[in-house]
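# Observations on the model geometry
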Amino acid sequence: MLSAQPTGVRSGAAVQFNGGDMKKIPSSEITPESVYLSRRRFIGTAGVLAGSAFLPSGLWAADSYEELRKELTPLKAIMNYNNFYEFSTKKEDVAPLSQGFRTSPWSVKVGGHVGKPGTFDIDDIRKRFPQEERVYRLRCVESWSMVIPWMGFPLAALLKAVEPTPKAKYLRFETLQDSKQMPGQKSSWYSWPYVEGLRLDEAMNDLAILATGLYGNPLPPQNGAPIRLVVPWKYGFKSIKSIVKIDLVGSKPNSLWMQAAPNEYGFYANVNPAVDHPRWSQASERRIGEFFRRKTLPFNGYAEQVAQLYAGMDLRRDF
Amino acid sequence: MAWLKRRWLPILTHIGALLPLARLIWNFFHDQLTANPIQYITFQTGKSALVLLVLALACTPLNTIFELKRVVGLRKTLGLYAFLYATLHFLTFVGLDYQFDPELLKEAIFKKRYALVGFAAFLTLLPLAITSTKGWMRRLGKNWKRLHRLIYLAALLVIIHFVWLVKSDIREPLAYGAVVLLLLALRLKTIRRALVTLRERLATRRRNYNRVTFREDLP
């Protein structure tokens, strides 16, 4: 669906792209990758004013953000190399198997220790929370990485809306369970549904977003449509996809991967080159599309923004 | 034609054994090595080596059970192709994936138990490949057979390598493990003898049956 021809969409016009209402855009107007990229160049030359609407506020020096933008992983790789075990354990099979996935109607139920629990319709979410672009590195625990231009909004904005009570210490996220649509869930090897968790202060960090799009378009099913978590300083499996439920809870949730292999996957799962994994090198990684390995950075390069969350903790033990 | 009749099995073996390599090359030129080509090549060459190793191990038991003498002649071919893919697998890991970087490799091979047993399996196969020629067979005499029993060790190491490298679902490596254990068990003296006795008894019965039917056909 994202392979539409770039006819009729000029980079200049595309600046008016409305991220808050992506769902309503007919497929003929969906931005192809080439146009998306040229639009970015256009913004770069058109000046700071036009570009600033797409930049997250005050997190990065514009320089480093634009630097990262130059390293964007091609859309084709992002859409065809997916770890999404609900569809298949083979990364190349996820895209074809997920094409008929129904993402509308869709709602996210937010409850637990909150003052204002509620069920949020995905269209309402897009309207209520202004969508912004975030270009993030994604580091998979399997030692590969990408750079992805997400569209989304800070998770903190949703949390503020539901008003967590003092009892709320953690978040527990749940993916849709529907083995008719997600054939991988027929395998009883894993304890479906997929569950992930964050500590409340991690979730409130401005880097943590709920993403609804990438490359300027709504999320493709294989990337976790219609709404997913993105926590760029943690290994990719923490960024749970196709979320239907978020609960604020008092104790640390037990994630699917913690249950499957507790010695390999911890609750925090912060990207950490110093904590070894029995299989994959965590000291280095292969950026998809590159030949040489890169050194993996602590917190995936976001130490400045998140390291203070773990002050005083032994991250070798709490991996 | 007579030549083809005699040689079709080894020819088929060569073709079959080269297919995975041909597929890799084809995929390379058609940009179909996935988004992570080096990992894809590593997986494909590793899997091919394993399958060929299992097939090489299957030759002797097949002959024991079904008296397929021709299959025994394929053992060496299959074993050498298994070594070819193991070599490609090893070189991909060391050369393409880690670019011979000693520091990264030290971590990758010696700190990862799956890589360590994989490396050990490769080192076990190496002398077997070198001594696979007729000259070495003659030179080593009785010891050649002893040396080549290392293939059993290599197969077990490869299975452990596979079990340790999968993410969580170990059913596939265990299935390969079960096949390898079965093929090794069929080599145990008692089991082998029982199978040979059974085969001969069945053959005698068939012969007797044929004789009886033949007699009844007489006027």
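Residues numbered from 1 in each chain as written. Chains lettered and ligands numbered in written order. Predicted model: local features only at pLDDT ≥ 70, side-chain atom pairs only at ≥ 80, totals over all residues.

So, about the overall build of chain A. The secondary structure content of chain A amounts to 11 helices and 12 strands. Counting across all 319 residues of chain A, residues that qualify as buried make up 44%. Of all intrachain contacts in chain A linking residues separated by at least 6 positions in sequence, the fraction that spans at least 24 positions is 70%. (Helix = DSSP H or I, 4+ residues; strand = E, 2+ residues; numbered from the N terminus. Buried ≥ 20, exposed ≤ 12 C-beta atoms within 10 Å, placed from the backbone. Contact = placed C-beta atoms within 7 Å.)

The number of helices and strands found in chain B is 11 helices and zero strands. Secondary structure elements of chain B occur, N-terminal to C-terminal, as α-α-α-α-α-α-α-α-α-α-α. Within chain B, the proportion of its 219 residues that are buried is 24%. For chain B, contacts bridging at least 24 residues in sequence account for 64% of all contacts bridging at least 6.

The next point concerns unusual backbone geometry. Residue and element names in this part refer to chain A. Going from Ser-104 to Pro-105, the amide bond is cis rather than trans, its omega being 0°. Residue placement: Pro-105 occurs in the loop between helix H6 (94-97) and strand E1 (107-112). That bond from Ala-225 to Pro-226 is cis: its omega, -5°, falls within 30 degrees of zero. Positive phi outside glycine occurs at Glu-163, with the angle close to 55°. The class of Glu-163 is partly exposed, set by 13 C-beta atoms lying within 10 Å. Not every positive phi belongs to a glycine, and Ala-269 is a case in point at roughly 50°. As for its placement among the helices and strands, Ala-269 is situated in the loop between helix H10 (256-260) and strand E11 (284-287).

A separate point is the interface of chain A and chain B. Interfaces are often sized by the amount of accessible area the parts lose when they come together. Listed by partner, the interface residues are 19 residues for chain A and 15 residues for chain B. Those elements that place two or more of their residues in the side of chain A that touches chain B are helix H5 (75-80) and E11 of chain A. Taken together, the residues of the side of chain A that touches chain B break down into 10 nonpolar, four polar and five charged. (Nonpolar A, V, L, I, M, F, W, Y, C, P; charged D, E, K, R; others polar.)

All names here are of chain A. Note: E1 against strand E2 (residues 118-121), four bridges, orientation antiparallel. Looking at the pairing, Lys-109 lines up with Thr-119 of E2. Hairpin connection of E1 to E2: five residues between the antiparallel strands. (Pairing = 2+ DSSP bridges.)

This part takes up the nonpolar core. A general trend in soluble globular proteins is that nonpolar side chains are found buried together. Among the nonpolar cores identified, the biggest contains 74 residues, and Trp-150, Ile-209, Leu-210, Ala-211 and Leu-214 of chain A are the most heavily contacted of them. Among the elements that line this core, the one with the most residues is strand E4 (residues 144-154) of chain A, at six residues. Residues Ala-49, Ala-86, Leu-88 and Tyr-98 of chain B belong to the second largest nonpolar core, which totals 35 residues. (Core = buried A, V, L, I, M, F, W, Y, C linked by C-beta atoms within 7 Å.)

Residues and elements named next belong to chain B. On the secondary structure map, Ala-49 appears in helix H2 (residues 37-66). Under the C-beta neighbour-count criterion, Ala-49 is labelled buried, with 25 such atoms within 10 Å. For the pair formed by Ala-49 and Thr-87, sequence separation is 38 residues and the distance between their alpha carbons is 8.9 Å. Apart from the residues within four sequence positions on either side, Ala-49 is in contact with Ala-82, Tyr-85, Ala-86 and His-89.

With that settled, consider the pairing of strand E6 (residues 195-199) of chain A. Residues and elements named next belong to chain A. Counting buried positions over the five residues of E6 gives four, a clear majority of the element. Taken together, the five bridges between strand E5 (residues 170-175) and E6 define a ladder with antiparallel strand orientation. Bridge pairing in E6 links Phe-173 to Glu-196.

It is worth spelling out helix H9 (residues 150-165) of chain B at this point. Residues and elements named next belong to chain B. Over its 16 residues, H9 extends 23 Å from the first C-alpha to the last, a length consistent with the 22 Å expected when each residue adds 1.5 Å. Among all positions of H9, only Ala-154, Ala-155, Leu-157, Val-158, Ile-159, His-161, Phe-162 and Leu-165 are buried. Its buried side turned inward, H9 meets H2, helix H6 (113-130) and helix H10 (171-185). (Expected span 1.5 Å × (residues − 1).)

Residues and elements named next belong to chain B. The contact between helix H1 (residues 2-29) and helix H4 (residues 75-97) brings their axes to 10 Å, and the two run at 10°. As far as their axial angle goes, H4 and H1 are roughly parallel. Contacts between H1 and H4 involve Pro-10, Thr-13, His-14 and Ala-17 from the former and Thr-77, Leu-78 and Tyr-81 from the latter. Split by residue class, the contact of H1 with H4 holds four nonpolar, three polar and no charged. (Axes fitted to C-alpha atoms, helices over the stretch in contact; angles between N-to-C directions. Parallel < 35°, antiparallel > 145°, perpendicular 65-115°, else oblique.)

Below, the discussion takes up the environment of Leu-125 of chain B. Residue and element names in this part refer to chain B. Following the sequence through the fold, Leu-125 ends up in helix H6. The exposure class assigned to Leu-125 is buried, which follows from the 26 C-beta atoms found within 10 Å. When the C-alpha positions of Leu-125 and Leu-183 are compared, they lie 18 Å apart, and in sequence the two are 58 residues distant. Sequence-distant contacts of Leu-125, defined by excluding residues within four places in its chain, comprise Phe-83, Ala-86 and Ala-154.

Averaged over all residues, the pLDDT of chain A is 85; the fraction at 70 or higher stands at 83%. In this model residues 1-25 of chain A is a low-confidence stretch, pLDDT under 50, and it forms 50 contacts with partners more than four residues away in sequence or in other chains. (pLDDT = per-residue confidence, 0-100.)

Now for the environment of Arg-171 of chain B. All names here are of chain B. With respect to the element layout, Arg-171 can be found in helix H10. Of the residues examined, Arg-171 has 9 C-beta atoms within 10 Å and is grouped as exposed. Remark: the alpha-carbon pair of Arg-171 and Ala-194, spanning 23 residues in sequence, is separated by 31 Å.

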